[in-house]
Amino acid sequence: MSLALMIAALAPVTPTPVAFLPLSQVAALSWESKLDATIGAANQDVWMKKLSARPHHVGSEYGRQNAEFIRSLYASWGYQARIEEFQVLFPSPRTRVLELVGKPAFSAKLQEPELKEDSTSKPDPDALPTYNAYSVDGDVTGKLVYVDYGTKESYETLEKYGVSVEGKIVISRYGGCWRGLKPKLAAEHGAVGCIIYSDPRDDGYFQGDSYPVGAYRNRQGAQRGSVMDMPIQPGDPLTPGYGATKDAPRLARRDVKVFTKIPVLPISYADAMPLLKELEGPVSPEAWRGALPITYHMGPSKRDVHLKLEFDWKMVPCRDVIAVLPGTEAPDEWIMRGNHHDGWVLGAADPLSGQVAMLEEARAIADLVKQGWKPRRTIVYCSWDGEEEGLLGSTEFVETHAEELSKKAAVYINTDENGRGYLGVAGSHALESLVQSVAKEVKDPETGLTLAARGRASARVAGAAWAAGGENAPIGALGSGSDFSSFLQHIGVSSLNVGFGGEGGDGSYHSLYDSYDSFVRFGDVGFKYGVALAQTCGHLVMKLASDPVLPFNFNNTASTFDGYVKELVMLVDQERADTVKRNQLIKDGSLTAVIDPVHPTFVEAPKDAVPFVNLAPLQNAVAHLTAAAKAFAPEKAKDLAAINQTIIGSERALLGDGLPGRPWYRHEIYAPGLYTGYGVKTIPGVREAIEERNWKRVEEQVPLAAAAIERLAVLLESAGKQ
């Protein structure tokens, strides 16, 4: 599981100096240069080959061996290393049946074959078959309906064409939204089952040569993945909000809220073709059409489809590897670094490309300590388990240690999948200037330019607005999809998600063919970008661990939040204008149209007028924060420990009591959207209420978000008295 790690090209950013206390910059740069020289590719190659040699999903025997191996590496370098184990619910399939009812008979193969060109694709009894974790058991039969990407907009289009999914099984292509939303929306519209297939337009031969000739998904490749309702909450489903320790109380399965409501199964396009050929009804709009040699009809199908799924709902160990390097002066201020080690099958790109880079980074930093470098703060490396199923290992760790982490964790830096391409960073905007400074220090391995210069050149070619503003790219905002979520959105630890990508095919994602053989040919030849990732995160860790005052810049925070509030104003204004225009067109009869000659006329219904929406509390709070950030002068502080505690507490100040209907998410500024999955919603309580036209909830959420921003402003003002 990983986010799209492409740099966010949003708007011009004026660089603002990071608020450091005076340091010997020459000495700091000297140590960072030594780090760069120490980091290499050879170890990464060896470790990936070993770690990806066999399936290593959560609870597997090879997953246990990998955790022990990773722990032994950390210990050999001088870290205080341990394995922390949790007990989590992990369903694996017993029965998978997908077939057409009647003649000619067709049963989906649901299997990825061995390839002679990939030595690691041989059958392995420990390999997980193609399935979606946390789908419910089910035995359903019904007509089939094609729903494109299965988004909210897809169902609006189906309604216009007069096609209902009530009592039917839907088939959706991967893409457009997170996979877990597809069965969720299908169930909300009355479907009894969901099939997700990989269309070659999205990640197969339409994009490039299929594996093993090229990097893109082949005809029998299928994408595994979790369909847990993570926008409600991630982690072990039976222990919501608290750690899944051995003796923890657990919910009954019937009381769990994050399972799907209907059975769901992922398939290849080879298995999808016979099903799609059965569809009749309207021809799909052009945007819905994939790259298969068929006419894409919406349905329903001529024949019924039978889908049967049964799972083994068992408890398994989830093994996190934790490695600690104590700080010399502020040991109770923690700089935390993480990447998961579990994979769906062999998991070379996802996650081991990031894991081996992090291990090389940790080894290099430990080597610097032996040479005399002394981190002021404690550095904690975390190799998480169970990320793929729903951020299990990181969430259970955070929930178990929430009290201590809330006191000590200063920053969490996450990586996941890594590959050839451009630097992409998202996270807490107080760290934006720090990221920008590091991007000017580390070199792109292919061009020799700095990461900032290469990103700027790419943005200029693409016409991105920020390229005109200099080399300082803005970082993006974090939604969900990887192990930063619990740190940032549940307990308020300032976080970053870092990685390279964008120039390699992703057709092996979550398949059997995400292998060492595939990665070294197409993912990151020579592990060049593994070296770049280790250097980039190494620089971030060293600066955060060494600077007397944590290098945060709250001017960036204030300007970013100001942009978010302006977006809300525009959203309300646009909704009001659209409503007026739409209702007038309906009154004139202009939105009454025959969508398809075979189907009835669809008539748009008018919408209620948009009332006055008072966003002034948010605007006032941002103005207060802007003034407080400008006045924030940590270099004048007399008490170093106190000013750092203020900085550490800055993200905590943005926590509230929880978002509506999903209280696990406590951050008032950043959260995954309820119907976007991984995609972020900024100021989510307000934004989603506006999008849903729930004006009463808008009125309730505005003061809550404004209060969070005010808390941060007051906290920064208090620093002037320290």
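Basis of the calculations
Residues numbered from 1 in each chain as written. Predicted model: local features only at pLDDT ≥ 70, side-chain atom pairs only at ≥ 80, totals over all residues. Heavy atoms only, no water. Buried < 20%, exposed > 50% of the residue type's maximum accessible area, 1.4 Å probe, protein only. Helix = DSSP H or I, 4+ residues; strand = E, 2+ residues; numbered from the N terminus. Pairing = 2+ DSSP bridges. Contact = heavy atoms within 4.5 Å. Salt bridge = Lys/Arg side-chain N within 4 Å of Asp/Glu carboxyl O. Polar contact = N/O pair within 3.5 Å; in protein donor to acceptor, adjacent residues only side chain to side chain. Axes fitted to C-alpha atoms, helices over the stretch in contact; angles between N-to-C directions. Parallel < 35°, antiparallel > 145°, perpendicular 65-115°, else oblique. Left-handed = near helix turned anticlockwise from the far one by under 90°.

Engineer: Could you clarify how one ought to interpret the pairing of strand β8 (residues 264-267) in this entry?
Structural biologist: The two faces of a sheet get side chains in turn, since along a regular strand they alternate between them. Taking every second residue as pointing to the same face, both faces of β8 are buried, with Val264 and Pro266 on one and Leu265 and Ile267 on the other. Looking at chain direction, strand β6 (residues 193-197) and β8 are connected through four bridges and run parallel. In the sheet register, Tyr197 faces β8, and the bridge partner there is Ile267.

Engineer: Explain the pairing of strand β5 (residues 169-173) here, please?
Structural biologist: Burial analysis of β5 places five of its five residues in the buried class, the great majority of the element. Alternating residues of β5 divide into Ile169, Ile171 and Arg173 and Val170 and Ser172, and every residue in both groups is buried. Looking at chain direction, strand β4 (residues 138-146) and β5 are connected through three bridges and run parallel. Looking at the pairing, Val145 lines up with Val170 of β5. Here five bridges tie β5 to β6, and the two strands are oriented parallel to one another. Across the sheet, Ser172 pairs through a bridge with Ile196, a residue of β6.

Engineer: Help me understand the environment of Ile322 in this model?
Structural biologist: Relative to the elements of secondary structure, Ile322 occurs in strand β9 (residues 304-325). The spacing of Ile322 and Lys116 is 206 residues in sequence and 38 Å in space, taken between C-alpha atoms. Other than its neighbours up to four places away in sequence, Ile322 contacts Gln80, Ala81, Arg82, Glu84, Val380, Tyr381, Cys382, Trp384 and Phe397.

Engineer: Would you mind going over helix α5 (residues 181-188) with me for this structure?
Structural biologist: Three or four residues apart is the spacing at which side chains of an α-helix point the same way, because the helix has 3.6 residues per turn. Where burial is concerned, most of α5 is hidden: six out of the eight residues are buried. Among the residues of α5, Leu181, Lys182, Pro183, Lys184, Leu185 and Ala186 are the ones counted as buried.

Engineer: Explain the pattern of salt bridges here, please?
Structural biologist: Here the idea is simple: oppositely charged side chains can pair when their charged atoms come close. Scanning the entire structure with this criterion turns up 37 salt bridges. The partner of Asp124 in a salt bridge is Arg54, with the nearest N and O atoms 3.1 Å apart. Residue Asp124 is found in the loop between β2 (106-107) and β3 (132-133), and its partner Arg54 is found in the loop between α2 (42-51) and α3 (61-76); the two are separated by 70 residues along the sequence. The salt bridge involving Glu278 is made with Arg303; its shortest N-O contact spans 3.3 Å.

Engineer: Sorry if this is basic, but what is going on with the side chain of Asp203 here?
Structural biologist: Among the secondary structure elements, Asp203 is positioned in helix α6 (residues 200-203). Taking the relative accessible area as the measure of exposure, Asp203 reaches 15% and is therefore buried. A distance of 2.8 Å separates a polar atom in the side chain of Asp203 from a polar atom in the side chain of Arg217. Those residues within four positions of Asp203 in sequence are excluded, and the remaining contacts are Ser198, Tyr216, Arg217 and Gly507.

Engineer: Honestly, the packing of helix α17 (residues 554-588) against helix α20 (residues 684-691) in this entry has me stumped. Any pointers?
Structural biologist: Relative placement of two packed helices is described by the angle separating their axes and the distance separating the axes. At their nearest, the axes of α17 and α20 sit 10 Å apart, and the two run at 15 degrees to each other. When the axes of α17 and α20 are compared, the pair comes out roughly parallel. Along this stretch, α17 crosses α20, giving a crossing that reads as left-handed. Between α17, through Tyr564, Glu567, Leu568, Leu571 and Val572, and α20, the contact on the second element is made entirely by Val686, Arg687, Ile690 and Glu691.

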